[in-house]
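Now for the letters of each chain:
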Amino acid sequence: MNTPALSVVVPVYNEEANIPLLIRELATTLDTLDHRSEIILVDDGSCDGSLQALRNAHAADPRIRVLSFEDNAGQSAAMAAGFRAARGEVIVTLDADLQNSPADIPLLLEKLPEYDMACGWRVNRQDPWLRRVSSRVANAVRNRVNDEQIRDTGCSLKAYKRACLERIKLYNGMHRFLPTLFRMEGFRVVEVQVGHTRRRHGTSKYNIGNRLVPSLFDLLAIRWMKKRRIHYRIREEFGETLD
Ligand code: UDP
Ligand code: MG
């Protein structure tokens, strides 16, 4: 059996120049690990040369699998498609633009299996000040409204047990709330300090208008889900189950 133990899932939207560098850095890290791995790159309807760069990457490294969307469907959709395709017991996500370093992946893997999810926490964030401030406000509001203590839910560098992820249905925008969704299922979540660098090539796909505003509505959806969670404890159970 050649099933990989680890699947790395990367959403890609117009990241042409980043792809060769990303693959090189990822391969260097994965080569140091004991387990077999696969890299699933999900092209979210890119309109630059990303798909060709992914074809080239696949031709050079058999660990690489590519899914390419017809149209831009959003980062949550790209991640959901990657999760569905993943075969590893453990899944790692990170951005294609190398703002997260693949070299930090082992730090997250160390925390599994004690935890079900390890989330990167960018202690020294390298984004423009407006982004840093708006993220800080968003994290504080999220934690307050959802009674949470996640310092950096927006960091894409995360490791998950696939069995846990399979219990979670993703909606658009909900990739930002995965730590809370995990905790709602009773799964154990830990934050791990990771590095962060400036974007090397290409531009950010988000601004205040398309991130902050929709994520405030998403926040209310999560709050509603938390409040409406079904709780019960079985007192007794009898009778044969049909199978
Ligand atoms: N991305 C995507 N679909 C989108 C927007 C972004 O697949 O509609 C990908 C993007 O290519 C990158 C990751 O999601 O790999 C995070 O996007 P970005 O780096 O622009 O976000 P930021 O770091 O600025 O928060
Ligand atoms: Mg980025």
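Anything mentioned here points back to the structure above.
Presented here is an overview of the structure given in this document. Note that this is a predicted model, so its numbers are computed, not measured.

Turning our eyes to something else, we now look at the overall build of the chain. Helix and strand content of the chain: 8 helices and 7 strands. A compact globule built from 243 residues would reach a C-alpha radius of gyration of about 18 Å, and the chain, at 18 Å, matches this within 12%. Based on the C-alpha atoms only, the size of the chain along its principal axes is roughly 60 × 50 × 35 Å. Buried residues in the chain amount to 48% of all 243 residues. The long-range share in the chain, meaning contacts at least 24 apart out of those at least 6 apart in sequence, stands at 83%. For the chain, the accessible surface area stands at approximately 13600 Å², while carbon and sulfur atoms represent 52% of it. Across the chain, the 36 positively charged side chains and the 31 negatively charged ones have centroids separated by 7 Å.

Moving on, we come to the site of ligand 1. Near ligand 1 you find 18 residues, and of these Glu15, Asp44, Asp97, Ser204 and Lys205 are the closest. The separation between an oxygen atom of ligand 1 and a polar side-chain atom of Glu15 is 2.6 Å. Contact with the protein chains hides 94% of the accessible area of ligand 1, taken as 530 Å² for the molecule alone. In terms of residue class, the shell around ligand 1 is made up of 5 nonpolar, 5 polar and 8 charged.

Grouped together as the largest cluster of nonpolar side chains are 32 residues, with contacts concentrated most on Val10 and Leu41. Residue assignment for this core shows that the elements contributing at least two residues are strand E1 (6–12), helix H1 (19–32), strand E2 (37–43), helix H2 (50–60), strand E4 (90–93), helix H4 (105–109) and strand E7 (189–194). The greatest single-element share of this core, amounting to 5 residues, is contributed by H1. In this structure, Val10 is in contact with Leu22, Leu26, Ile40, Leu41, Val42, Leu94, Asp95 and Ala96, ignoring residues within four places of it in sequence. Listed in part, the 27 residues of the second largest apolar core include Val42, Ile168, Leu178 and Phe182.

One open sheet holds the 7 strands; their spatial order is E3-E2-E1-E4-E6-E5-E7, and the pairing between them is mixed. The open sheet terminates on both sides in strands that have one partner only, identified here as strand E3 (64–68) and E7. Geometrically, the sheet is characterised by an average inter-axis angle of 20° between neighbouring strands, direction not taken into account. Pairing geometry for strand E5 (residues 117–122) and strand E6 (residues 158–161), over 3 bridges, is antiparallel. What sits directly across from Ala118, in E6, is Ala159. Against the sheet, H2 engages E1, E2 and E3, with an angle of about 155° to E3.

In this section: the state of the cysteines. Under the definition given, this model contains 0 disulfides. Here Cys119 stays free of any disulfide, with the sulfur of Cys155 as its closest cysteine sulfur at 8.2 Å.

Its 20 residues give helix H8 (residues 208–227) an end-to-end C-alpha distance of 28 Å, which sits within 8% of 28 Å, the value for a rise of 1.5 Å per residue. Residues of H8 that are buried: Arg211, Ser215, Asp218, Leu219 and Ile222. In this fold, the buried residues of H8 make contact with helix H5 (129–146) and helix H7 (178–184). The N-terminus of H8 is capped by Asn207, whose side-chain oxygen sits 2.9 Å from the backbone nitrogen of Gly209.

In the first shell of the magnesium ion (ligand 2), the protein supplies Asp97 (OD) and Gln99 (OE1), at 2.0 to 2.2 Å from the metal. Per residue, the accessibility class of Asp97 equals that of Gln99, and both read buried.

This next bit is on the pairing of E7. Counting buried residues along E7, 5 of its 6 residues qualify, which places the element largely inside the surrounding structure. Two elements, E5 and E7, share 6 bridges in a ladder whose sense is parallel. Within E7, the position partnered with Met117 by the bridge is Val189.

Quick notes on the rules
- Residues numbered from 1 in each chain as written.
- Chains lettered and ligands numbered in written order.
- Predicted model: local features only at pLDDT ≥ 70, side-chain atom pairs only at ≥ 80, totals over all residues.
- Heavy atoms only, no water.
- Helix = DSSP H or I, 4+ residues; strand = E, 2+ residues; numbered from the N terminus.
- Rg over C-alpha atoms; globule rule 2.2 N^0.38 Å.
- Buried < 20%, exposed > 50% of the residue type's maximum accessible area, 1.4 Å probe, protein only.
- Contact = heavy atoms within 4.5 Å.
- Areas by Shrake-Rupley, 256 points an atom, 1.4 Å probe, with all protein chains shown as cover.
- Lys, Arg positive; Asp, Glu negative; His and termini not counted.
- Charge placed at Lys NZ, Arg CZ, Asp CG, Glu CD.
- Near = heavy atom within 4 Å.
- Polar contact = N/O pair within 3.5 Å; in protein donor to acceptor, adjacent residues only side chain to side chain.
- Nonpolar A, V, L, I, M, F, W, Y, C, P; charged D, E, K, R; others polar.
- Core = buried A, V, L, I, M, F, W, Y, C linked by side-chain atoms within 4.5 Å.
- Pairing = 2+ DSSP bridges.
- Axes fitted to C-alpha atoms, helices over the stretch in contact; angles between N-to-C directions.
- Disulfide = S-S within 2.5 Å.
- Expected span 1.5 Å × (residues − 1).
- Donors = N, O, S within 2.8 Å, 3.2 Å for Na, K, Ca; no water.

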